[in-house]
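Per-entry structural report
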Amino acid sequence: MEDKLRILEDLNMMYIRQIALSLQDSNIQKKIDHEIRMRDGACKLLAACSQREQALEASKSLLTCNTRIMAYMSELQRMKEAQVMSSDAGPTDDRLPCKGKVAISDLRIPLMWKDTEYFKNKGELHRCAVFCLLQVGAEIHDTDMVIVDRTLTDICFDNTIVFSEASPGFELRVELYSCCSEEDYSTGNTPRKLASKLSSSLGRSAGKKLRVAMDPGACSPISNGGGATLLLPLPTVVGPKYHLLAHTTLSLSHVQDSFRTHDLSISGNEECSHWVPLYGSVCCRLAAQPHCMTQQMMSGCLKVKQFGGDPQSWTNVYGVLKGTNLFCYHRQEDVEANIQPAFTISINKKTRIRASEKDLHNKAQSICISNHYGGEEVTHTLSADSREDTHRWMEAFWQQFYDMSQWKQCCDDLMKIELPSPRKPTLVTSKQGSLYHEMGKTATQIAQNTFYMIHMPIAHSIKT
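Residues numbered from 1 in each chain as written. Predicted model: local features only at pLDDT ≥ 70, side-chain atom pairs only at ≥ 80, totals over all residues. Heavy atoms only, no water.

**Observations concerning the nonpolar core**
- Counting 67 residues, the largest nonpolar core has Ile 104, Leu 172, Leu 326 and Phe 397 as its most contacted members.
- Setting aside residues up to four positions removed in sequence, Leu 172 forms contacts with Ile 104, Leu 134, Gln 135, Val 136, Phe 163, Thr 248, Thr 249, Leu 250 and Leu 286. (Core = buried A, V, L, I, M, F, W, Y, C linked by side-chain atoms within 4.5 Å. Buried < 20%, exposed > 50% of the residue type's maximum accessible area, 1.4 Å probe, protein only. Contact = heavy atoms within 4.5 Å.)

The structure is reproduced here in structure tokens:
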């Protein structure tokens, strides 16, 4: 991470803006500017923190902002390289798969404490603050922070993280960061005090330069005289430092609509102050919803005829291609009113589609869709109003088949994804998620209720 930050510190934002300008992508530039402002605020907050929990949250925000800035700049560079390569190679006709949502939830990381620590409750009580960073491409999310000690058997993150524009070749990197929470972080203003003392002995001119260099806000972007923004080196802010404890990478092959276990690659050892005894695995639910399963990929007026029927018996419908079905409605208004379709034609991996020859009753070329139902082949013939419409429907079907082949098991059935609720301010406690803590609260409540049951009748008898 330090090497990445050093690269980040040497980059001039003028160059970044020029790349964004040449790509005509102002959105990613706005994201970079936003994260730089957030990083500036995190630096100032970290320097002024006197509470341990505040310092841990500020340091977490600082790490998240720096990671996002690096990801956005890497994405800009990748887009620029793709633009250059495409201009050199000329236009291509390669078909691209649709994007989709990828959601990870119910993150559980089991711990492996020593018997003397967990069962006999012996030894020094060691606490660490942990959280996860999750990244797909340039999109990065973080979980809430959790305080871990020997009373926990698992690290549990209740967040549901959704990546809305993932491709079927996505790689979801999960990183677990840890920081010892027992150290004293109340000396956030020490650099400023030291600069003040040194400035008085170095003289006015040198002292002023020193105060500017050591000011906590020096991490914010400043003007270099030409309207550009420089990413200057981050100041040395006294406070907690998070370290990478473990990581893993999940892909399409790991997607399954159930709770599964995956291997973790562990960094560090027992000698580290931020060490937490991990079992070596992470449990989670990884689900995906390709856009071809949730969105209308094609819609329009069609004529439908079932195989074996009267050549003249065409049924006028309004067709909607979505997921593994072609929904046929009596009219377009039925779609908007959420009325059930008149009938449905399956469009799945086993469906066969071909273009039929023109016949005497239908001047335009038709599309034949064949499915097997109970061992019997059923064919529907579709006809559009024009050759152009027929071609668009045919192209939509081929694109649907291609998307299914790329997203694989995600197109067998629509997986459920619960959208995350808005993040609320985290109330950090030393026993967050601890079974022993919950048992202690229950025991206290029972003791209080028993006390009142015993003493209230006595007090009543004394009064009477």
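**A short note on the pairing of strand β5 (residues 154-157)**
- Only one face of β5 is covered, namely the face carrying Ile 155 and Phe 157; the face carrying Asp 154 and Cys 156 is uncovered.
- As paired strands, strand β1 (residues 100-110) and β5 are joined by 4 bridges and run antiparallel to one another. Bridge pairing in β5 links Leu 107 to Phe 157. (Helix = DSSP H or I, 4+ residues; strand = E, 2+ residues; numbered from the N terminus. Pairing = 2+ DSSP bridges.)

**Points about the pattern of salt bridges**
- One pass over the full model with this rule turns up 14 salt bridges.
- Residue Glu 418 is joined to Lys 416 by a salt bridge in which the shortest nitrogen-to-oxygen separation is 3.9 Å. A single burial state applies to Glu 418 and to Lys 416, both of which are exposed. (Salt bridge = Lys/Arg side-chain N within 4 Å of Asp/Glu carboxyl O.)

**Considering the sheet that holds strand β14 (residues 298-306)**
- Taken together, 7 strands build an open sheet; the order of strands is β17-β16-β15-β14-β20-β19-β18 and the sheet is antiparallel. Each edge of the sheet is formed by a strand with only one pairing partner; in this case those strands are β17 (343-346) and β18 (352-355). With direction set aside, neighbouring strand axes in the sheet form an average angle of 35 degrees.
- Looking at chain direction, strand β16 (residues 325-329) and β17 are connected through 4 bridges and run antiparallel. Of the residues in β17, the one forming a bridge with Asn 325 is Ser 346. (Axes fitted to C-alpha atoms, helices over the stretch in contact; angles between N-to-C directions.)

**Observations regarding the packing of aromatic side chains**
- Applying the stated criterion across every chain yields a total of 4 aromatic pairs.
- Seen from their ring centres, Phe 131 and Tyr 177 are 5.7 Å apart, and the 20 degrees between their planes marks the pair as stacked. On the criterion of sequence distance, the pair formed by Phe 131 in strand β2 (residues 128-136) and Tyr 177 in strand β7 (residues 172-180) is long-range, its members being 46 residues apart. The same class applies to Phe 131 and to Tyr 177, which are both buried.
- The interplanar angle of 35 degrees and the centroid separation of 5.9 Å between the aromatic rings of Trp 393 and Phe 397 together place this pair among those described as tilted. Of this pair, Trp 393 and Phe 397 both sit in helix α10 (residues 387-407), 4 residues apart, which is roughly one turn of the helix.
- The class for Trp 393 is buried, based on a relative accessible area of 3%.
- Taking relative accessible area as the criterion, Phe 397 reaches 0% and is therefore assigned buried.
- A cation over an aromatic ring shows up here: Lys 60 above the ring of Phe 131, its NZ or CZ 5.4 Å from the ring centre. (Phe/Tyr/Trp six-rings, centres within 6.5 Å; stacked < 30°, edge-to-face > 60°. Lys NZ or Arg CZ within 6 Å of the ring centre and 35° of its normal.)

**Focus on empty space enclosed by the protein**
- Applying the stated criterion across every chain, the model contains 1 cavity of 30 Å³ or more.
- The computed volume of the largest cavity comes to approximately 30 Å³.
- Looking at the largest cavity, the residues that line it are Leu 302, Gln 365, Ile 367, Leu 382, Ser 383, Ala 384, Thr 390 and Trp 393.
- For the lining of the largest cavity, the elements supplying multiple residues, two or more each, are β20 (376-383) and α10.
- When the residues that make up the lining of the largest cavity are grouped by side-chain class, the tally is 5 nonpolar, 3 polar and no charged. (1 Å grid on protein atoms, 1.4 Å probe; cavity = no way out; pocket = protein on both sides within 12 Å on 5 of 7 lines; lining within 4 Å. Points joined across faces, edges and corners; volume = space filled by probe spheres on them. Nonpolar A, V, L, I, M, F, W, Y, C, P; charged D, E, K, R; others polar.)

**Quick word on the layout of surface pockets**
- Each pocket or cavity is described by its volume, and for the second largest pocket that value is around 650 Å³.
- Only α3 (26-48), α4 (52-89), β3 (139-142) and β6 (161-166) provide two or more residues apiece to the lining of the second largest pocket.
- Tallying contributions element by element places α4 first for the lining of the second largest pocket, with 5 residues.

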